[in-house]
Amino acid sequence: MERGHSAGSAKTARLATAQSCQDSGDSVSELPEWRPAVYRKCTDILWLLLFCLFWAGLMFISGYAVVAGAAERLVLGYDSFGNICGRKNTPVEGANLSGLDMTNKKYVFFLNSCSLEIQSPKISSLSLCVSSCPQQQLNSLEDLQSFARNNDSFLCVYSLNVSSYTVNPKAAQLCPTLPVPPSKSFPLFNRCVPQNPECYSKYASVLISMVNEMDVFHRILSGILAGRDTVIGLSVLALAFSLILVLAFRFIQTLFIHTLIALVVFGLLFVSGVLWWLHYDYRNDPSTELETEKENVKFLLGYAIFSTIITVVLLTLIFVLRKRLPFSVQLFRIVGKIIGRIPFLLFQPLWTFLILIVFWVFWVAVLLSLGTAGTAQATSGGQVEYRALSGICCMAWYHFVGLIWTSEFILACQQMVIAGAVVTCYFNRNKNNPPPHPVLSSISVLFCYHLGTAVKGSFLITLLRIPRIVLLYFCNILNQKHAYTTTAINGTNFCTSAKDAACILARNSAKLASISCFGDFLLFLGKVFVVCFTVFGGLMAFNYHRQLQAWVVPLLLVGFFAYLMSHSLLSVFEVTADAMFLCFAIDMETNDGTAEKPYFVDQELLTFVSQSNKLTEGQNHRNTRPFQDNEDGTELQPMT
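Residues numbered from 1 in each chain as written. Predicted model: local features only at pLDDT ≥ 70, side-chain atom pairs only at ≥ 80, totals over all residues. Heavy atoms only, no water.

Asks: Would you explain the overall build of the protein chain in this entry?
Replies: Each helix and strand in the protein chain was counted, giving 21 helices and 8 strands. Here the protein chain, with 640 residues, has 52% of them falling under the buried criterion. Pairs at least 24 apart in sequence give 75% of the contacts found in the protein chain among residues at least 6 apart. When the accessible surface of the protein chain is totalled, it reaches about 28900 Å², and 62% of it is carbon and sulfur. (Helix = DSSP H or I, 4+ residues; strand = E, 2+ residues; numbered from the N terminus. Buried < 20%, exposed > 50% of the residue type's maximum accessible area, 1.4 Å probe, protein only. Contact = heavy atoms within 4.5 Å. Areas by Shrake-Rupley, 256 points an atom, 1.4 Å probe, with all protein chains shown as cover.)

Set out below in structure tokens:
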């Protein structure tokens, strides 16, 4: 998506970069030497310290959310005495009926369900946690007593013993208003909803008003909690799709590329059609009264428009680039050959994925706790009220920045490890005898010297993802994969590496741009495939649970996680190809194919680049004979 729709602008940006590089260094002496660094030093240390300070703030927010929050209140519900239904509780000072064990009492029951009123910010009726909702109308205290004994569900205040229902003079005030209408449990908030038409109308009206008065932040949180099982299941589905694509790209064939493109086209058209259909269905549904349902309609319209635009753009690009399919097969064959020399590269995304999963689970748990942060205070009547704390919105935004920055940092570390391993093997004369343990060597270099560069790169890329269209030129200069590859070679900081990589790629853009562009485009189509079919599964799953759920936001979260999963796994091929082409550009600039300066590149890659770009005429001034097993030149030695 990013690569496809901005191809023209990216070309302009590369030309501007080339002109900038030419203006900044006209003499050869000013150009970097591009020699693999043997003796390294730590880079971007201040950024690493800044990241540590940022995470100290995240840990403070996390501790605050855990202490002050209770995410279960959103989905499980709670009674008037501060007890959360369905779990054990801790006592609240001043509330005698708080701190009870409600493990077997999972439903909220209102004693006056037929005449509810809102007394800001809560419902006026007393509420209790009960084991089950009354399925039949109860007309007397004897009926209440019989229901309690038969169903082990007590509809009177906890302090009233079941044997005293019919003899206690205060039973009328401590038990529900008679007659008690039949009710059923509500699917989201576990409320006992009356089935009597008159009572239901009044109950629904008050509940709608209560939910609509919730701020968007809390409605989103309730939707995430309600659909948490679906979100987890869809994330597992996205992982399965991503693993299938990794194996398919590793052993790629022409038939697979055609199949992938056909599935992507089908997925884009189908998802766009389903989104428009759901928007039409919601908009014309007369029962759409809740604010969350109205928000679903707005979000679905936005999703449908966005999906349609992306579909048109990608279909156009697929049509334009259809003639380059044979070259893409050869490209992935060469990339697969490099990965074959470093087989552990295929396992590299696994630890990245596991770390991302742990971080995402931690992030969502803190977000849910943060959204319910409040203090429990006992009232004069022994009941409990929860009062929201100030500064929660600011903490939520800080927490959101932490999600993007940390995710980008984890992915940046993976990209640096892959780039370092590829560089180590590329700048090795004997291709049949690669250096030992290139992946472990790259990991050790990253953690010992270049964590600060990964922090700085991930932060700058995070900032530039938002105004990417406006700042496309700077995004081209700050392309993180090429900057990380340059850091792996020269051991320079992020900005210097990004500038050097941008300059050398700009000078060789005619040779490499079209090859790299279509290879990355195919990988991006793989990511679109994962997102499309995961989102389609989400649409089908969430559409069955419309009531009170802002499910379009959890759906967006599912799409985001699906993209990150597929990006994490497929980035092995993407970073390997980008690192290979950057090394090729460096090789072509610093060597001439003579006995004194032989190329590091093997003949297959050199022939592929020449054929794909039809540059054989432009290569006449170079000696394009195969590389020689020669000990001349500088090799990147693995760190031991």
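Asks: Please clarify how the side chain of Ser-62 should be interpreted in this entry.
Replies: Examined against the element boundaries, Ser-62 turns out to sit in helix H3 (residues 45–68). A polar atom in the side chain of Ser-62 sits 2.8 Å from the backbone oxygen of Leu-58. (Polar contact = N/O pair within 3.5 Å; in protein donor to acceptor, adjacent residues only side chain to side chain.)

Asks: For this particular structure, what's the right way to read the packing of H3 against helix H14 (residues 392–426)?
Replies: For any two helices packed against each other, one specifies the inter-axial angle together with the distance between the axes. Remark: H3 packs on H14, axes separated minimally by 10 Å, with the N-to-C direction vectors making an angle of 130°. Judged on the interaxial angle alone, H14 and H3 are oblique. Here H3 runs over H14; the crossing is left-handed. Contacts from Leu-50, Phe-51, Leu-53, Phe-54, Trp-55, Gly-57, Leu-58, Ile-61 and Tyr-64 in H3 reach Ile-392, Met-395, Tyr-398, His-399, Val-401, Gly-402, Trp-405, Thr-406 and Phe-409 in H14. (Axes fitted to C-alpha atoms, helices over the stretch in contact; angles between N-to-C directions. Parallel < 35°, antiparallel > 145°, perpendicular 65-115°, else oblique. Left-handed = near helix turned anticlockwise from the far one by under 90°.)

Asks: Just checking my understanding: could you explain the state of the cysteines for this structure?
Replies: Here a disulfide denotes a covalent bond joining the sulfur atom of one cysteine to the sulfur atom of another. What the rule picks out here adds up to 3 disulfides. Sulfur-sulfur distance for the disulfide between Cys-156 and Cys-175 comes to 1.9 Å. What sets the handedness of the Cys-156 and Cys-175 disulfide is the S-S torsion sign, and at about 105° it is right-handed. Placement of Cys-156 in the loop between helix H5 (141–151) and helix H6 (171–174) and of Cys-175 in the loop between H6 and strand S5 (183–185) is noted, with a sequence separation of 19 residues between them. Of the two residues examined, Cys-156 and Cys-175, each falls in the buried class. The structure places no disulfide on Cys-42, whose sulfur is separated from the nearest cysteine sulfur, that of Cys-448, by 8.0 Å. (Disulfide = S-S within 2.5 Å.)

Asks: Help me out: how do you make sense of the packing of H3 against helix H13 (residues 348–371) in this one?
Replies: The contact between H3 and H13 brings their axes to 8 Å, and the two run at 50°. As far as their axial angle goes, H13 and H3 are oblique. Of the two elements, H3 crosses H13, and the hand of that crossing is left-handed. In this structure, H3 contributes Trp-55, Met-59, Ile-61, Ser-62, Tyr-64, Ala-65 and Val-66 to the contact, and H13 contributes Phe-359, Phe-362, Val-366, Ser-369 and Leu-370. Of the residues contributing to the contact of H3 with H13, the split by class is 10 nonpolar, 2 polar and no charged. (Nonpolar A, V, L, I, M, F, W, Y, C, P; charged D, E, K, R; others polar.)

Asks: Looking at this structure, how should I read the pattern of salt bridges?
Replies: Side chains carrying opposite charge are able to pair once their charged atoms draw close together. Evaluated as defined, the whole model comprises 2 salt bridges. A salt bridge links Asp-44 to Lys-456; the nearest nitrogen and oxygen atoms lie 3.7 Å apart. Residue Asp-44 is found in the loop between helix H2 (7–24) and H3, and its partner Lys-456 is found in helix H15 (residues 438–465); the two are separated by 412 residues along the sequence. Residue Asp-44 is classed as buried on the basis of its relative accessible area of 12%. Given a relative accessible area of 12%, Lys-456 falls into the buried group. One salt bridge connects Glu-574 with Lys-527, and the closest N-O pair in it is separated by 3.0 Å. Note that Glu-574 is positioned in helix H20 (residues 552–590) and Lys-527 in helix H19 (residues 509–542), a separation of 47 residues in sequence. (Salt bridge = Lys/Arg side-chain N within 4 Å of Asp/Glu carboxyl O.)

Asks: Hey, could you run me through H5 in this one?
Replies: Think of an α-helix as turning once every 3.6 residues; residues three or four places apart then point the same way. Buried residues of H5: Leu-144, Gln-145, Phe-147 and Ala-148, and no others. Buried residues along H5 cover an arc of 160° about the axis, so they all sit on one side. Along H5, the residues that are exposed and aim more than 90 degrees away from the buried face are Arg-149 and Asn-150. Directly after H5, the chain includes Asp-152, whose backbone phi takes a positive value near 55°. (Arc of directions from axis to C-beta.)

Asks: Explain the side chain of Thr-485 here, please?
Replies: You can see Thr-485 is positioned in helix H17 (residues 480–490). Apart from the residues lying within four places of it in its own chain, the contact partners of Thr-485 are Ala-419, Val-423, Ala-579 and Leu-582.

Asks: Hey, could you run me through the pairing of strand S4 (residues 127–130) in this one?
Replies: Regular strands have side chains that alternate between both faces of the sheet. Of the two faces of S4, the one carrying Ser-127 and Cys-129 and the one carrying Leu-128 and Val-130 are both buried. Here 4 bridges tie strand S1 (residues 107–110) to S4, and the two strands are oriented antiparallel to one another. Among the inter-strand pairings, Val-108 is bridged to a residue of S4, identified as Cys-129. (Pairing = 2+ DSSP bridges.)

Asks: Can you walk me through the environment of Leu-237 in this structure?
Replies: Here Leu-237 lies in helix H9 (residues 228–250). Distance from Leu-237 to Phe-533, taken between C-alpha atoms, is 8.9 Å for residues 296 residues apart in sequence. Excluding anything up to four places from it in sequence, Leu-237 contacts Phe-533 and Thr-534.

Asks: Mind showing me how you'd approach a nonpolar patch on the surface here?
Replies: Judged by side-chain polarity, Leu-243, Phe-344, Phe-347 and Leu-350 come together as a nonpolar surface patch covering roughly 420 Å² of accessible area. Examined against the element boundaries, Leu-243 turns out to sit in helix H9. The class of Leu-243 is partly exposed, set by a relative accessible area of 39%. (Patch = residues over 30% accessible without salt bridge, like charges linked within 9 Å, V, L, I, M, F, W, Y side chains within 5 Å.)

Asks: Just checking my understanding: could you explain the packing of aromatic side chains for this structure?
Replies: To describe a pair of aromatic rings, you give the distance between the ring centres and the angle between the ring planes. All told, the structure shown has 21 aromatic pairs when counted by the stated rule. Taking 4.8 Å as the distance between ring centres and 65° as the angle between the ring planes, the aromatic pair formed by Phe-270 and Phe-536 counts as edge-to-face. Taken together, the residues Phe-270 in helix H10 (residues 254–283) and Phe-536 in helix H19 connect sequence positions 266 residues apart. Since its relative accessible area comes to 37%, Phe-270 is described here as partly exposed. Overall, Phe-536 belongs to the partly exposed group, its relative accessible area being 25%. Joined through ring pairs, the aromatic side chains of Trp-47, Phe-51, Phe-54, Tyr-398, Trp-405, Phe-409 and Phe-459 make up one cluster. (Phe/Tyr/Trp six-rings, centres within 6.5 Å; stacked < 30°, edge-to-face > 60°.)

Asks: Mind showing me how you'd approach the nonpolar core here?
Replies: Within soluble globular proteins, side chains that are nonpolar tend to cluster in buried spots. Ranked by size, the top nonpolar core spans 119 residues in total, and within it Leu-345 and Leu-605 carry the most contacts. If you tally residues by element for this core, the top one is H20, at 22 residues. Not counting residues up to four positions away in its chain, the partners in contact with Leu-345 are Ile-339, Ile-418, Ala-421, Val-422, Val-439, Val-572 and Thr-576. (Core = buried A, V, L, I, M, F, W, Y, C linked by side-chain atoms within 4.5 Å.)

Asks: So what exactly am I meant to see when it comes to the confidence of the model for the protein chain here?
Replies: When pLDDT is averaged across the protein chain, the result is 75; 73% of the residues are at 70 or more. Per-element averaging of pLDDT across the protein chain places helix H1 (residues 2–5) at the bottom with 42 and S4 at the top with 92. Considering only residues more than four positions removed or in separate chains, one finds that residues 1–18, a stretch of pLDDT under 50, has 32 contacts. In this model residues 468–478 is a low-confidence stretch, pLDDT under 50, and it forms 24 contacts with partners more than four residues away in sequence or in other chains. (pLDDT = per-residue confidence, 0-100.)

Asks: Hey, could you run me through H3 in this one?
Replies: Relative to the 34 Å expected for 24 residues at 1.5 Å per residue, H3 spans 35 Å between its end C-alpha atoms, a close match to the ideal helical length. Those residues of H3 that sit buried are Phe-51, Phe-54, Leu-58, Ile-61, Ser-62, Ala-65 and Ala-68. (Expected span 1.5 Å × (residues − 1).)

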